[in-house]
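# Commentary on secondary and tertiary structure
Each chain is listed here by its residues.
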Amino acid sequence: MQNSSPEWLESAMASSVVVWPPWPSEWLQGGHVDMLAGLAEQYQPWLCSVVASVAVGLAGIVPLVLIPSDYEIKSNSGGRNVLQLLLSFAVGGLLGDVFLHLLPEAWSMALDAGAGTHEAFTQVGLCVLAGIFVFIIVEMMASNESPEPQNNNSKEKIGENKKDVTGYLNLIANGIDNFTHGLAVAGSFMVSYKTGILTTGAILIHEIPHEIGDFAILLKSGFSRWEATLAQLYTAGVGLLGALFTLFIGTSESLAGIQVYILAFTAGGFLNIALVTVLPELLQEDRPAQSCAQLLCLLLGTFTMATVATTC
């Protein structure tokens, strides 16, 4: 067969210089196609897992479009009302996330690992209690260590700059939750490309309403919109670490036992934030119309998570 390659390409290949794009009739011989296919198959889970984890993390910037500006929240009663409604949505979303996503998944993993029904419920229940008590203890310690203001001017300054510990606790819980998402994304892509895409889509649908609620909690805790966005992106990086951890381990099955405790502990943290920290302030609302609106938003948050849990 006569070689149809140009002379410059023949000389380049003879001198061991790699030319791109290579000439198909010459370079793609001797198993090079099989080698490229093998490399693509080997590294596809890595590339897809990283891209999918970044996409899930970028859901944290969606609330920037929906949340009022810092000025409206601080100076406008309408902005404060919107924030209260978003906090109500956050409470409903957190409760729905705990009882319709985190706990069922933790129980399912415990049963799949070979634990009996009672043993699985006990393990998960103890971890939930641990999460609740750890978050309560941290919040109590932070409250006791808060310095007393010296005068009115310093009090105003502290009130403007201080961030409530609730925001940091929510970031911790959200980071742990994102870590499990990273584990799930990478583990699904290690099974197949289709499974990875479906898992990523389900997590994205679940994350967007969850991130809106987290954003509202951060604003309530004294974060500005940009500070809250940056904090959300930091927690998204934890999700990327979870994906890389699974890829380095080489299997997601060995992590199932750990995920049971992580999911249950995170559920306890979310319960504490929703019922102990955020809800009591919402219950102090004395305007009937605003109270009804908050109740509707709370139910909407739970309904959104229930819809995601039953359809994804």
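Refer to the structure above for everything that follows.
Residues numbered from 1 in each chain as written. Predicted model: local features only at pLDDT ≥ 70, side-chain atom pairs only at ≥ 80, totals over all residues. Heavy atoms only, no water.

This part is about the overall build of the protein. The number of helices and strands found in the protein is 13 helices and zero strands. Each helix and strand of the protein, placed in order from N terminus to C terminus, yields the pattern α-α-α-α-α-α-α-α-α-α-α-α-α. Taking all 312 residues of the protein together, the buried fraction comes to 40%. Counting every atom, the protein has about 16,900 Å² of accessible surface; 67% of that belongs to carbon and sulfur. (Helix = DSSP H or I, 4+ residues; strand = E, 2+ residues; numbered from the N terminus. Buried < 20%, exposed > 50% of the residue type's maximum accessible area, 1.4 Å probe, protein only. Areas by Shrake-Rupley, 256 points an atom, 1.4 Å probe, with all protein chains shown as cover.)

So, about the packing of aromatic side chains. Counting across every chain of the model gives six aromatic pairs. Arranged with centres 5.1 Å apart and planes meeting at 65°, the rings of W107 and F121 form a pair that is edge-to-face. Separated by 14 residues along the polypeptide, W107 in helix α6 (residues 77-112) and F121 in helix α7 (residues 117-144) bring together distant segments of the chain. The exposure class of W107 is partly exposed, given its relative accessible area of 28%. Taking relative accessible area as the criterion, F121 reaches 43% and is therefore assigned partly exposed. On the numbers, 6.3 Å between centres and 55° between planes, the contact of F189 with Y193 is tilted. Accessibility expressed as a relative area gives 5% for F189, which makes it buried. Accessibility expressed as a relative area gives 46% for Y193, which makes it partly exposed. (Phe/Tyr/Trp six-rings, centres within 6.5 Å; stacked < 30°, edge-to-face > 60°.)

Moving on, we get to the pattern of salt bridges. Summed over the entire model, instances satisfying the criterion amount to two salt bridges. A salt bridge links E285 to R287; the nearest nitrogen and oxygen atoms lie 2.7 Å apart. A relative accessible area of 38% means that R287 is categorised as partly exposed. (Salt bridge = Lys/Arg side-chain N within 4 Å of Asp/Glu carboxyl O.)

As a further point, take helix α10 (residues 193-220). One turn of an α-helix holds 3.6 residues; hence residues three or four places apart share an orientation. Taking 1.5 Å per residue as the helical rise, α10 with its 28 residues ought to reach 40 Å, and the 40 Å between its terminal C-alpha atoms agrees with that figure. Along α10, the sharpest kink reaches roughly 30°, centred on E207 and followed within four residues by the proline P209. After α10 finishes, the residue G222 shows a positive phi value of roughly 105°. (Expected span 1.5 Å × (residues − 1). Bend = angle between axes of the 7 residues up to and from the residue.)

Below, the discussion takes up a nonpolar patch on the surface. On the surface, a cluster of nonpolar side chains totalling about 540 Å² of accessible area is made up of V54, L58, I61, L230, L233 and Y234. The leading source of residues in the nonpolar patch is helix α11 (residues 225-249), at three residues. Along the polypeptide, L233 turns up in helix α11. By relative accessible area, which is 33% here, L233 ends up partly exposed. (Patch = residues over 30% accessible without salt bridge, like charges linked within 9 Å, V, L, I, M, F, W, Y side chains within 5 Å.)

With that out of the way, let us pick up helix α9 (residues 165-191). With 27 residues, α9 extends 40 Å between its outermost C-alpha atoms, agreeing within 8% with the 39 Å of an ideal straight helix rising 1.5 Å per residue. Burial runs high along α9: 20 of the 27 residues are buried.

All right, on to the environment of I258 then. Within the element layout of this structure, I258 appears in helix α12 (residues 256-282). For I258, a relative accessible area of 47% translates into the label partly exposed. Remark: the alpha-carbon pair of I258 and A110, spanning 148 residues in sequence, is separated by 9.8 Å.

Glancing now at the packing of α9 against α11. It is the contact of α9 with α11, at a shortest axis distance of 7 Å, that shows an interaxial angle of 35°. At the point where α9 passes α11, the crossing takes the right-handed sense. On α11, the residues that touch L171, N174, G175, N178, F179, G182, L183, A186, G187 and M190 of α9 are A231, Q232, T235, A236, V238, G239, L241, G242, A243, F245, T246 and L247. For the contact of α9 with α11, the class distribution of residues is twelve nonpolar, ten polar and no charged. (Axes fitted to C-alpha atoms, helices over the stretch in contact; angles between N-to-C directions. Left-handed = near helix turned anticlockwise from the far one by under 90°. Contact = heavy atoms within 4.5 Å. Nonpolar A, V, L, I, M, F, W, Y, C, P; charged D, E, K, R; others polar.)

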